[in-house]
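These are the residues of each chain, in order.
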Amino acid sequence: MDKKSVSGSCLCGKVTFKIETPLLMFRYCHCSRCRKATGSAHASNIFILPEHFSWISGDENVVRYDLNEARGFATCFCKTCGSPLPHTTKRNEVVVPAGTLDDDPGQLPESNIFWKFRASWSLEPGEMPKFDEYENK
Ligand SMILES: [Zn+2]
Ligand SMILES: [Zn+2]
């Protein structure tokens, strides 16, 4: 697979970073911790090697939160806008929330983990009507 550089940023734009492909893993996690950390039905997590990650700007604006009772659950976010941002795991991989990427990483998600714990209201997008923008009523 070709090496590719993909940039990412937070909502307010203070924090920017770049990653290099290939990705180690790309998966959706439906666990309750990921739901809390993302505010969404599931996290969309990309895993890469640490040497394939670098902050471009605003890393002093990144706050890390390690969940006390967890063996390794952590999240990083922008101090200004609250967007989730990449963090390094105890296994020394970098988890990149896929929604923070500004370009196509060129790989698709492979699997859903913690499916058994998905939210009761979690539906796959294909199960719902689609609108290009707002739903017109
Ligand atoms: Zn921000
Ligand atoms: Zn999770």
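Notes on the structure in this doc start here. Predicted model only: the values in this text are computed from it and were never measured.

**Notes on the overall build of the protein**
Per the secondary structure count, the protein includes one helix and 11 strands. Going residue by residue from the N terminus, the α and β elements of the protein occur as β-β-β-α-β-β-β-β-β-β-β-β. What you see for the protein is a C-alpha radius of gyration of 16 Å, in line with the 14 Å of a compact globule of 137 residues. By its C-alpha atoms, the protein is 45 × 35 × 35 Å across when sized along the principal axes. Across the protein, every contact between residues at least 6 apart in sequence was considered, and the portion connecting residues at least 24 apart equals 59%. When the accessible area of the protein is evaluated, it comes to approximately 9000 Å², of which 51% is carbon and sulfur surface.

**Points about the pattern of salt bridges**
Counted according to the given criterion, the structure contains three salt bridges. Of the charged contacts, one joins Lys18 and Glu20 as a salt bridge, the two residues approaching to 3.8 Å between their closest N and O atoms. On the basis of relative accessibility, which here comes to 28%, the residue Lys18 falls in the partly exposed class. Glu93 is paired through a salt bridge with Arg91; the nearest N and O atoms lie 3.8 Å apart.

**Details of the sheet that holds strand 7 (residues 74–78)**
Read from one edge to the other, the open sheet built from three strands follows the order 6-7-8, with strand pairing classed as antiparallel. With partners counted over all chains shown, the strands left at the sheet margins are strand 6 (62–66) and strand 8 (84–85), one partner each. Pairing geometry for strand 7 and strand 8, over two bridges, is antiparallel. Residue pairing across strands places Cys76 opposite Leu85, the latter belonging to strand 8.

**Observations regarding the packing of aromatic side chains**
For the structure on display, the rule yields four aromatic pairs. Between Phe114 and Phe117, the aromatic rings sit 5.9 Å apart at their centres with planes inclined by 40 degrees, giving tilted as the arrangement.

So, how was this worked out
Residues numbered from 1 in each chain as written. Chains lettered and ligands numbered in written order. Predicted model: local features only at pLDDT ≥ 70, side-chain atom pairs only at ≥ 80, totals over all residues. Heavy atoms only, no water. Helix = DSSP H or I, 4+ residues; strand = E, 2+ residues; numbered from the N terminus. Rg over C-alpha atoms; globule rule 2.2 N^0.38 Å. Contact = heavy atoms within 4.5 Å. Areas by Shrake-Rupley, 256 points an atom, 1.4 Å probe, with all protein chains shown as cover. Salt bridge = Lys/Arg side-chain N within 4 Å of Asp/Glu carboxyl O. Buried < 20%, exposed > 50% of the residue type's maximum accessible area, 1.4 Å probe, protein only. Pairing = 2+ DSSP bridges. Phe/Tyr/Trp six-rings, centres within 6.5 Å; stacked < 30°, edge-to-face > 60°.

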